Amino acid sequence: MKLEIDHLGKTYRGGITALKDFNLELRPGVLGLLGPNGAGKSTLMNILATVTRPTQGTFKWNGVDIVQQPNDLRSVLGYLPQDFGIYPNLNAVEFLEYLAAVKGMDVSTARRRINGLLDLVNLTDARHRPLGGFSGGMRQRVGIAQALLNDPQLLIVDEPTAGLDPEERVRFRNLLSELSGERIVILSTHIVSDVEATATGIALIAKGTLVVHATPEELLRKVEARVWEWIVPSAELAAARQRYLISNTMHRSDGVHARVVSASGPPGATPLPASLEDAYLYCLAEPNAGAAA
Amino acid sequence: MRTFHVLYHMARADFLERVRRYSFLLTMGFAGLLAIGVYRGEIVLALGKYHGTYNSAWFGAFLALVATTFLSLVGFYIVKNTVQRDEQTHVGRILAATPLSRFEYTLGKTISNFAVLASMVLVLALGAAVLQLLRGSGSIDWWQLLSPFLLIALPVVAAIAAMAVLFETIPGLRGGFGNVTYFFVITGLLAVSITLKSADFSGIGMYMQSMGDVLRKLDSSYRDSFTLQIGSEQNATEVFQWDGLHWTSSMVLQRLLWVGVALAIAYLASLLFHRFDPAKESQKSKIKKENIAEQ
């Protein structure tokens, strides 16, 4: 099982380039696709989900060119788009039956699979309630259930935790971890903590280009001995931000505890263990850091 | 077989989604009001000073013509939002990531539109049966009562259902301009129905011919007057006996031709359909989607 992305690019009408010269090779596991808003993540997701075509390059699924033969991937693909919507007057079973049919599943297989998935996403009790009355988290669980209907080999989820409360977010991350295994999962998000718990690989994307593709450990090594805690008076915080890359701040009685990512710590700063968020910000701020991976 | 399975589920889901809305109940209620309007003599079918004997043939033809005229003018606007809904909810992008073909999609949506409009035809068909029971003479002749709905009204709504999908797939015709364009297209088609036998979309021409033939034998002064209007029955005081259309195979084929036209329109729509490619979706839809996402 292999997904090869080869010099992929997308330029929209009007000349806006959302993705350029993007290369990646993926094998089973969870890839966290991280990047700021507008980095090109959704464009890449749409291309990989065969929703839109690239204007440059191609990508292959097990050696088959999917830009030329999209149906070869569609039969083994599960896709949860960003801002997933529903038909509010259908219940979960009716909605999933509809999408199962569209995915080419027969009635008995679909029913069996729907029952299992509703159980997996903890919606069995709500299965006959109209989707319009579901909370954001419940809708998202319906979304992941539909993406898994055909037991996909490639699962693409685009910003799946947007709009979820913290408890639902944790539940979703756990679910995603359970689902990984003998499939490729691409999790697109701008929330670093979403990928921290689940990803076996991380790709950072900014301004439509791949900044770095590495394992979480490799990324963490980039900022090893480069993260510091520095206590500064609140009045000096703005000036500190000018001089250093600050990944987090917390106000305390003795001043602002700033988390600084820097090769050499500010005077009086104490070293801290690095987090993926530090590495993410460091790689985005230091373009050469990614190239060194 | 796979295609039928897909079409069934696509039409079923879309149909259920729409019929469970209050707005659908309102449209069904309006269809019921039309039947009541006929019962109370507020909607009139008259040929000069004549109206038909209140038998199954007359009520069937009368209500079927009400259905075709009303749904030709209004039905399009009732069903024209199904592709847009898939765009705005992003369900379309999920569909785009499946092996669903463009034609399966536009045909499935056409069938769904057809099912919604056919429900309204059904209300009027039931209305015709009730009218026959309340005001009719003789027993119900089910074929004469229902064949106008089956062979006149349903092919018309099939074509309207497909046109609604086609207009949604053409960027310039999705909005207000499309609504105005449709109005001119359909009023033109209805006008042609009366004058050109080979393009009798609404079936009015068939009835004018059949009823006119009977009347001309009865009254040599009759001059092809045929009106379907909201008004009073007072001017149509004379009664003539009309026992319905005698369907020949060529007449049936002529009506089925409109089902073929509907399929052709659905196919044309599939050629123009953007398959939810965000690079091809309209700017208006994108703005609406963003609004939905923010809610």
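Look up: the structure comes first, before these words.
As the structure is a computational prediction, the values presented were derived from the model and not from experiment.

**Student:** Describe the overall build of chain A, naming the residues involved and giving the relevant values.
**Tutor:** Of regular secondary structure, chain A possesses 11 helices and 14 strands. The C-alpha radius of gyration computed for chain A amounts to 21 Å, which stays within 12% of the reference 19 Å derived for 293 residues, consistent with globular compactness. Within chain A, contacts between residues separated by at least 24 positions form 68% of all contacts whose residues are at least 6 apart in sequence. When the accessible surface of chain A is summed, it comes to about 12600 Å², and 48% of that surface belongs to carbon and sulfur atoms.

**Student:** Describe the packing of aromatic side chains, naming the residues involved and giving the relevant values.
**Tutor:** For the structure shown, the criterion picks out 21 aromatic pairs over all chains. Cluster of aromatic residues (ring-pair linked, three or more members): Phe84, Tyr87, Phe95 and Tyr98 of chain A. Here the guanidinium or amino end of Arg85 of chain B rests over the ring plane of Tyr87 of chain A, the centre of that ring lying 5.7 Å away. Taking NZ or CZ as reference, Arg135 of chain B lies 5.8 Å from the ring centre of Tyr39 of chain B, over its face.

**Student:** I'd like to hear about unusual backbone geometry, residue by residue, with values.
**Tutor:** Within the chain, Asn122 of chain A stands out as a residue other than glycine whose phi angle is a positive 60°. In this structure, Asn122 of chain A sits in the loop between helix H4 (107-120) and helix H5 (136-148). A residue is classified by how much of its surface remains accessible, and Asn122 of chain A, at 54% relative accessible area, is exposed. The phi dihedral of Arg275 of chain B is positive, around 55°, even though this residue is not glycine. With respect to the helices and strands, the residue Arg275 of chain B is situated in the loop between helix H10 (249-272) and helix H11 (283-294).

**Student:** So what's going on with empty space enclosed by the protein? Residues and values would help.
**Tutor:** All names here are of chain B. One pass over the full model with this rule turns up three cavities of 30 Å³ or more. The space that makes up the largest cavity amounts to roughly 40 Å³. As for the largest cavity, its lining consists of Gly92, Leu95, Ala96, Leu100, Ser101, Arg102, Tyr105, Phe273, Arg275 and Phe276. Going through the elements one at a time, helix H5 (91-96) and helix H6 (102-135) are the ones with two or more residues in the lining of the largest cavity. Ranked by residues supplied to the lining of the largest cavity, first place goes to H5 with three residues. Taken together, the residues that form the lining of the largest cavity break down as six nonpolar, two polar and two charged.

**Student:** Requested: an account of the sheet that holds strand S2 (residues 17-26) of chain A, with residues and values cited.
**Tutor:** All names here are of chain A. Taking strand neighbours across the sheet as the criterion, the four strands line up as S2-S1-S4-S5 in an open arrangement whose pairing is antiparallel. Lying at the two open borders of the sheet, with one neighbouring strand each, are S2 and strand S5 (64-65). Where strand S1 (residues 3-11) lies against strand S4 (residues 56-61), five bridges are found, and the strand directions are antiparallel. Looking at S4, one finds that Glu4 is bridged to Lys60.

**Student:** Which residues make up the pattern of salt bridges, and what are the values?
**Tutor:** Residue and element names in this part refer to chain A. Under the defined criterion, the tally for this structure stands at 21 salt bridges over all chains. Residues Asp151 and Arg113 are paired through a salt bridge, measuring 3.8 Å at the closest nitrogen-oxygen approach. Placement of the pair is Asp151 in the loop between H5 and strand S7 (154-158) and Arg113 in helix H4, with a sequence separation of 38 residues. Note on Arg113: relative accessible area 26%, which makes it partly exposed. Between Asp194 and Arg173 there is a salt bridge, with its nearest N and O atoms 3.2 Å apart. A residue pair is termed long-range when its members are at least 10 positions apart, and Asp194 in helix H7 (residues 192-196) and Arg173 in helix H6 (residues 166-179) qualify at 21 residues. Classification of Asp194 as buried rests on a relative accessible area of 1%. Take Arg173: its relative accessible area is 16%, and that puts it in the buried class.

Calculation criteria
Residues numbered from 1 in each chain as written. Chains lettered and ligands numbered in written order. Predicted model: local features only at pLDDT ≥ 70, side-chain atom pairs only at ≥ 80, totals over all residues. Heavy atoms only, no water. Helix = DSSP H or I, 4+ residues; strand = E, 2+ residues; numbered from the N terminus. Rg over C-alpha atoms; globule rule 2.2 N^0.38 Å. Contact = heavy atoms within 4.5 Å. Areas by Shrake-Rupley, 256 points an atom, 1.4 Å probe, with all protein chains shown as cover. Phe/Tyr/Trp six-rings, centres within 6.5 Å; stacked < 30°, edge-to-face > 60°. Lys NZ or Arg CZ within 6 Å of the ring centre and 35° of its normal. Buried < 20%, exposed > 50% of the residue type's maximum accessible area, 1.4 Å probe, protein only. 1 Å grid on protein atoms, 1.4 Å probe; cavity = no way out; pocket = protein on both sides within 12 Å on 5 of 7 lines; lining within 4 Å. Points joined across faces, edges and corners; volume = space filled by probe spheres on them. Nonpolar A, V, L, I, M, F, W, Y, C, P; charged D, E, K, R; others polar. Pairing = 2+ DSSP bridges. Salt bridge = Lys/Arg side-chain N within 4 Å of Asp/Glu carboxyl O.

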